[in-house]
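Overview (structure and organization)
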Amino acid sequence: MGDTIKDNAEKNNKPDEEVKQEKSMKTIPTPITLGNSLLAILVVLILGTGSLVYYMIKKEQGDYEKYNSLVQNLVQDEQITAPETNTNELAEGETIKDIIDSATNTGSASTNTIDAVDATSRKVLNENLTVLYNGLILDTTSMKQTELKYIDNSDKYKDKYVITYYNYESFGFKDSKLGNLSSQLYDGLVKIENVGKIAISESYEAIPREIKVVNAIPTIVSDKNPKIGDYDSNKAIITDLDGNGTEEYILILANKTSGYSKITLVDSSGTKVADLAYIEKSQWESVATEEYHLSLSNVEVIDVDNDGIMEILIELPRYEGDPSISLLKYKNGELQGDTNIQCSLLP
Ligand SMILES: [Ca+2]
Ligand SMILES: [Ca+2]
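These figures come from a predicted structure and were not determined experimentally.

About the thresholds
Residues numbered from 1 in each chain as written. Chains lettered and ligands numbered in written order. Predicted model: local features only at pLDDT ≥ 70, side-chain atom pairs only at ≥ 80, totals over all residues. Helix = DSSP H or I, 4+ residues; strand = E, 2+ residues; numbered from the N terminus. Buried ≥ 20, exposed ≤ 12 C-beta atoms within 10 Å, placed from the backbone. Contact = placed C-beta atoms within 7 Å. Pairing = 2+ DSSP bridges. Core = buried A, V, L, I, M, F, W, Y, C linked by C-beta atoms within 7 Å. Domains from an automatic or database assignment. pLDDT = per-residue confidence, 0-100.

1. Looking at the overall build of the protein
A count of helical and extended segments in the protein gives five helices and 20 strands. Taking all 347 residues of the protein together, 25% fall into the buried category. Sequence-distant contacts in the protein: of pairs separated by 6 or more residues, those separated by 24 or more amount to 56%.

In structure tokens, the structure reads:
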């Protein structure tokens, strides 16, 4: 106490600055006490923990960078495969150009490239492609006469046909609807209801080019086929079946006097390719209550196998039961399928 009073007295004599200095001087030389050593340990601990945390962050960063570079490598790998699709796009572009070019050249070679257009994606689509004709299954895998098939009602997979169908009628797209299984028709057999005349399970463009129907024979055709004058009922379907830029003609011809009718394919130059189907009076006279002629309703033009080419479907009538279907493909000046089919309504 006494010291303090004495000190205070001394301090009082000194200038303010000196007093302050002395005060700070006195506090600096702190003796090593228990509290201070605890503080030192705490500081060491804090520094230690800090450096540990720093090390861990660094390590995490390293790992992240490693992961990041791995991901980048993967992305680069993806980018290596990506140009393939670009090449496809290029090929497609070239094909479209080819098609446009061929429109003026009537080239047949250029149509070869049509098949190459997104062939891969088409193949994937076609694996599950279902085509219905009047609600019955139409096998579109080969160009020939084919029977329409019913669905077996006891088939445990029959529900796979209960899907949305894209419906086509009168040479155009009609709508898309969910098809339903019908009630039993014959002996455990059902078909699909609520669909159009032709129903396709995939949403590709099945009529990619305009189809015109006229009630006359185009002069380019009649000039080269003077015998067409013998028919008194003439209709022509005009469309570019194979997409090469030139139109083909499907003629529906009937002679009311002779009772003969036929469906004929004519190429873009007006030259007959083939008679596809015909019926004579003797094949319908005894069973038909009215005159029977093959008509527009016997023909459909639609791409049923998703290759960009519209097939010709001829409905072949019969005495009873469902008609069979003749599938034909006209491509590069060549016709695949059965021709000159004689139809008959006789039992
Ligand atoms: Ca054509
Ligand atoms: Ca086709």
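2. Observations concerning the environment of Gly337
Looking at the element boundaries, Gly337 is found in the loop between β19 (334–336) and β20 (341–342). Assessed through the 21 C-beta atoms surrounding it within 10 Å, Gly337 is described here as buried. The spatial distance from the C-alpha of Gly337 to the C-alpha of Gln145 is 7.7 Å, given a sequence separation of 192 residues. Those residues in contact with Gly337 that lie beyond four places of it in its chain are Met143, Lys144, Ser326, Leu327, Leu328 and Lys329.

3. Considering unusual backbone geometry
Even without glycine at this site, Asn134 takes up a positive phi of about 50 degrees. The exposure class assigned to Asn134 is partly exposed, which follows from the 17 C-beta atoms found within 10 Å. With a phi close to 55 degrees, Asn340 is a non-glycine residue in the positive phi region. Counting through the fold element by element, Asn340 comes out in the loop between β19 and β20.

4. Here we look at the pairing of strand β13 (residues 248–255)
In terms of burial, β13 is largely enclosed, as seven of its eight residues are buried. Direction of pairing for β13 relative to strand β14 (residues 260–266): antiparallel, over a ladder of seven bridges. In the sheet register, Leu251 faces β14, and the bridge partner there is Thr264. Count of turn residues in the β13/β14 antiparallel hairpin: four residues, of which Gly259 carries a positive phi of about 75 degrees.

5. What about the nonpolar core?
Leu132, Ile250 and Ile312 are the most contacted members of the largest nonpolar core, which totals 52 residues. With six residues, the top contributor of residues to this core is β13. Two domains each provide a minimum of three residues to this core, namely domain 2 (128–200) and domain 3 (212–342). Setting aside residues no more than four positions away along its own chain, Ile312 makes contact with Ile250, Leu265, Leu276, Val299, Val301, Leu328 and Tyr330.

6. Some points on the confidence of the model for the protein
If pLDDT is low for a region, its predicted coordinates should not be looked at in detail. Looking at the protein as a whole, its pLDDT mean stands at 80, while 68% of the residues score no less than 70. Here residues 17–30 is a poorly scored stretch, pLDDT under 50, and it has three contacts once near neighbours within four places are set aside; other chains count. Within the model, pLDDT remains below 50 along residues 73–113, and this stretch shows 32 contacts once partners closer than five positions in the same chain are excluded.

7. Things to note about the sheet that holds strand β6 (residues 172–178)
Sheets are built from strands paired through backbone hydrogen bonds, the pairs being either parallel or antiparallel. Strand order in the open sheet formed by five strands is β2-β1-β10-β5-β6, and the pairing between neighbours is antiparallel. The open sheet terminates on both sides in strands that have one partner only, identified here as β2 (136–137) and β6. Sheet topology places strand β5 (residues 164–169) next to β6; six bridges connect them, and they run antiparallel. Looking at β6, one finds that Tyr166 is bridged to Ser176.

8. Overview of the environment of Ile263
Along the chain, Ile263 falls in strand β14. Residue classification places Ile263 among the buried positions, given that 27 C-beta atoms sit within 10 Å. With 12 residues separating them in the primary sequence, Ile263 and Leu251 have C-alpha atoms 5.5 Å apart. In this view, Ile263 contacts Ile250, Ile252, Leu276, Ala277, Leu294, Asn298, Val299 and Ile314; residues no more than four positions away in its chain are not counted.

9. Description of the environment of Leu241
Within the secondary structure, Leu241 is located in the loop between β12 (233–239) and β13. Sequence separation of Leu241 and Arg209 is 32 residues, and the distance between their C-alpha atoms is 7.9 Å. In this structure Leu241 touches Glu248, Ile309, Met310 and Tyr330, once residues within four positions along its chain are discounted.

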